[in-house]
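# Results of the structural survey
Single-letter residue listing:
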Amino acid sequence: MSPPFENHLRKINELITIEDKDRKPYTDVYNKIRDTLLNGMCKVDSSFRQMYKGYRLCGSYMHNVRLKKPNEFDVLFILSIPNGDKLTISKDKKRPGFIKLGLGNVFPKLSVDMKLILNELVTGSERLLIRTALQMWLFRTIKNVLERIENRIQTDGSCLQLTYLKTGVAHTIHARDVKNPHFSISIDFIPAIAIKKVCELANESDVHSYSYAVPKPFTGKYLNCPGNSFQLVNPDMEHKLLMDKQHLKVVYRLLKSLRDRHRLDRLKSVFFTSMFLWEIEKRPRNFWHKPIGEIFLEMLKVLKVRFQTRNFPYFWSPEHNLIDILTDDEMADYAEILNTIFCTFKTYPDQQSLTFHMCARHFQILRKF
């Protein structure tokens, strides 16, 4: 018989996991909006059409660790620069773990039209791609599409009112059912430049043949850096590494629910994903078959130590310390909160009288139990 702690964690996971039947209404609308927007961008901008190479769902939805309503999506739309194998990829010395994309070797073989658009997006003799210029070009293209459809989409007899906001790295489309205001959906469209090679800063032991460079804006201590650096992402390999690890995703969901309950809002999903990817690399494969409670405590310990040491390397480029987005006070507060939580949970496996409510009070649970 499993001890109470193990049983309680299993029950909590059931309560915070989104059921497949709840996903379909949202995934249907997501598919409609995604296709309308990206196909529309191809129609209104010939340069975009030449560079666009499809999309990749990423983040919590792809990994099946999303909590709450299944109404938020993150999707990369892939852009491939012509002659992209000649891109010059270099470290950004002022922003550890980020890269610069030089188009100097690309330009000679470009068409006249492509030269015209890309010339507006680069700077200097190396023709470094400017993050903000790329985003403004995409912003104008998206606005053009939305104006043509009058910010509305018809789907399955419903009319969705669209609003658009450029936020950080993402172009966010929010859709609300005109007749049913309780139904809404939000999609973050994130531009991603396909690159076949990565420089030496990347974690190359598991790098797929294609990585992507995304125009991540500055936060934290690097606000004064130039606007021509990009962050490496690798959603395909990320998904592959996280798959088929028995209890890993259960623990991932539990940690996210714990974060939400304790309002650790700065602890983003990328922190959890990077932590698990590093642990997958370190641990034997059968580690993830251990009891949920054992894995949960071990990963909670890893998480709190990361904050205590203020060292949280991003998996795809370890020089990038994810924790740099927090202030010193935030780092100290998060380390103290996580340590307190860990010390409490550490006592639970030995408590045969542990009640479900004693355990569940630490998690954000929206479904009734």
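Thresholds, definitions, all that
- Residues numbered from 1 in each chain as written.
- Predicted model: local features only at pLDDT ≥ 70, side-chain atom pairs only at ≥ 80, totals over all residues.
- Heavy atoms only, no water.
- Helix = DSSP H or I, 4+ residues; strand = E, 2+ residues; numbered from the N terminus.
- Rg over C-alpha atoms; globule rule 2.2 N^0.38 Å.
- Buried < 20%, exposed > 50% of the residue type's maximum accessible area, 1.4 Å probe, protein only.
- Contact = heavy atoms within 4.5 Å.
- Areas by Shrake-Rupley, 256 points an atom, 1.4 Å probe, with all protein chains shown as cover.
- Lys, Arg positive; Asp, Glu negative; His and termini not counted.
- Charge placed at Lys NZ, Arg CZ, Asp CG, Glu CD.
- Arc of directions from axis to C-beta.
- Core = buried A, V, L, I, M, F, W, Y, C linked by side-chain atoms within 4.5 Å.
- Domains from an automatic or database assignment.
- Phe/Tyr/Trp six-rings, centres within 6.5 Å; stacked < 30°, edge-to-face > 60°.
- Salt bridge = Lys/Arg side-chain N within 4 Å of Asp/Glu carboxyl O.
- Polar contact = N/O pair within 3.5 Å; in protein donor to acceptor, adjacent residues only side chain to side chain.

A tally of regular secondary structure across the protein gives twelve helices and 14 strands. Scaling as 2.2 N^0.38, a compact globule of 369 residues should have a C-alpha radius of gyration of about 21 Å, and the protein matches this with 22 Å. In terms of its C-alpha atoms, the protein occupies a principal-axis envelope of roughly 75 × 50 × 35 Å. When burial is assessed residue by residue, the protein has 53% of its 369 residues classed as buried. Sequence-distant contacts, at least 24 apart, represent 64% of the contacts inside the protein between residues at least 6 apart. Roughly 17500 Å² of accessible area belongs to the protein as shown, and the carbon and sulfur atoms make up 49% of that amount. Positive and negative side-chain charges of the protein, numbering 57 and 40 respectively, have mean locations separated by a distance of 2 Å.

Residues Met114, Ile117 and Leu118 constitute the buried set of helix H5 (residues 112-119). Along H5, the residues classed as buried sweep out an arc of 95° about the axis, all on the same side. Residues of H5 that are exposed and point over 90 degrees away from its buried face: Val112 and Leu116. Of the surrounding secondary structure, the elements contacted by the buried residues of H5 are helix H3 (46-51), strand S5 (122-123) and helix H6 (131-148).

Further remarks concern the nonpolar core. Counting residues in hydrophobic clusters, the biggest one holds 69 residues, and the most contacted among them are Phe276, Phe296, Met299, Phe307, Phe345 and Phe363. Looking at which element gives the most residues to this core, the answer is helix H10 (residues 292-309), with nine residues. Here this core spans two domains, and each of domain 1 (4-16 + 239-361) and domain 2 (20-233) adds at least three residues to it. Listed in part, the 54 residues of the second largest apolar core include Tyr61, Phe107, Ile142 and Phe189.

Here we take up helix H7 (residues 235-242). Among all positions in H7, only Pro235, Met237, Glu238, Leu241 and Leu242 are buried. Along the long axis of H7, the arc covered by the buried residues comes to 165°, so they all point the same way. Backbone geometry just downstream of H7 places Asp244 in the positive-phi region, at approximately 55°.

This next bit is on the domain arrangement of the protein. Along its sequence, the protein is carved into domain 1 (4-16 + 239-361) and domain 2 (20-233). Computed over C-alpha atoms, the centres of domain 1 and domain 2 are 29 Å apart.

What follows is about the packing of aromatic side chains. Following the criterion strictly, the structure yields 22 aromatic pairs and no others. Where Phe271 meets Phe312, the ring centres are 5.0 Å apart and the plane angle is 75°; that geometry is what we call edge-to-face. Of this pair, Phe271 sits in helix H9 (residues 269-282) while Phe312 sits in the loop between H10 and strand S13 (313-314), and the two are 41 residues apart along the sequence. Here Phe307 and Tyr334 contribute two aromatic rings whose centre-to-centre distance is 5.8 Å and whose plane-to-plane angle is 35°, an arrangement assigned as tilted. Note that Phe307 is positioned in helix H10 and Tyr334 in helix H11 (residues 328-345), a separation of 27 residues in sequence. Note on accessibility: Phe307 and Tyr334 belong to one class, buried.

This structure, assessed with the given rule, holds twelve salt bridges. Between Arg283 and Glu298 there is a salt bridge; the shortest N-O distance is 3.1 Å. Taken as a pair, Arg283 in the loop between H9 and H10 and Glu298 in helix H10 lie far apart in primary sequence, 15 residues in all. The class for Arg283 is buried, based on a relative accessible area of 19%.

At 3.1 Å, the side chain of Arg283 forms a polar contact with the side chain of Glu298. For Arg283, the contacting residues outside a window of four places in its chain are Trp288, Glu298, Met299 and Val302.

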